[in-house]
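If you want the building blocks of each chain, they are given just below.
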Amino acid sequence: MSVNCPVCQNELVPTLTGAYCEHCQQNFKLEAHCPDCHKQLQVLKACGAVDYFCQNGHGLISKKRVEFTPVTE
Ligand SMILES: [Zn+2]
Ligand SMILES: [Zn+2]
């Protein structure tokens, strides 16, 4: 997965809590969005696994398909 900085379009470096832009020296939080309706997904955490659920009728979304959107903390 690669996510780009919303400010400078530089590729973000993944961190424990989200992502970091080396160019802007800014931390971002990653929000999970549905690839079909682009609404924010509900994050379900169970037994160390994370599932993403679309409340707009698209059900469980595989992590590979989730759109991660960087937002300023
Ligand atoms: Zn940046
Ligand atoms: Zn959806």
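The rules behind each value
Residues numbered from 1 in each chain as written. Chains lettered and ligands numbered in written order. Predicted model: local features only at pLDDT ≥ 70, side-chain atom pairs only at ≥ 80, totals over all residues. Heavy atoms only, no water. Pairing = 2+ DSSP bridges. Helix = DSSP H or I, 4+ residues; strand = E, 2+ residues; numbered from the N terminus. Axes fitted to C-alpha atoms, helices over the stretch in contact; angles between N-to-C directions. Salt bridge = Lys/Arg side-chain N within 4 Å of Asp/Glu carboxyl O. Buried < 20%, exposed > 50% of the residue type's maximum accessible area, 1.4 Å probe, protein only. Phe/Tyr/Trp six-rings, centres within 6.5 Å; stacked < 30°, edge-to-face > 60°. Donors = N, O, S within 2.8 Å, 3.2 Å for Na, K, Ca; no water. Tetrahedral: all angles 85-135°; square planar, octahedral: opposite > 155°, others 65-115°.

Across the sheet, 3 strands lie side by side as β4-β5-β6; this open sheet has antiparallel pairing. Strand pairing shows two members of the sheet lacking a second neighbour, β4 (42-46) and β6 (59-61), which therefore form its edges. Neighbour-to-neighbour, the strand axes of the sheet open up by a mean angle of 40°, direction not taken into account. Two elements, strand β5 (residues 49-54) and β6, share 3 bridges in a ladder whose sense is antiparallel. Bridge pairing in β6 places Tyr 52 opposite Ile 61.

Looking now at the pattern of salt bridges. One pass over the structure, following the stated rule, counts 1 salt bridge. Its salt-bridge partner being Asp 36, residue Arg 65 comes within 3.3 Å of it at the nearest N-O pair. Pair noted here: Arg 65 is in the loop between β6 and β7 (67-72) and Asp 36 is in the loop between β3 (26-33) and β4, with a separation of 29 residues, a long-range link. Looking at Asp 36, the relative accessible area reads 42%, which means it is partly exposed.

How two aromatic rings sit relative to each other is given by the distance of their centres and the angle of their planes. Within the structure shown, the criterion is met by 1 aromatic pair. Consider the rings of Tyr 52 and Phe 68, whose centres lie 5.9 Å apart with planes at 85°: the pair is edge-to-face. Of the two residues, Tyr 52 is situated in strand β5 and Phe 68 in strand β7; the sequence distance between them amounts to 16 residues. Each member of the pair, Tyr 52 as well as Phe 68, is classed as buried.

Let us now look at the coordination of the zinc ion (ligand 1). For the zinc ion (ligand 1), every protein donor is listed as Cys 5 (SG), Cys 8 (SG), Cys 21 (SG) and Cys 24 (SG), and the spread of their distances is 2.2 to 2.3 Å. Each of the 4 donor atoms around the zinc ion (ligand 1) contributes to a set of angles spanning 103 to 115°, which defines the coordination as tetrahedral. Mapped onto the polypeptide sequence, the residues donating to the zinc ion (ligand 1) form the spacing pattern C-x2-C-x12-C-x2-C. With Cys 5 in the segment before β1 (13-14) and Cys 21 in strand β2 (residues 18-21), the pair connects residues that are 16 residues apart, well separated along the chain. You can call Cys 5 buried: its relative accessible area is 0%.

In short, the description is geometric, and any link to function would need to be established separately.
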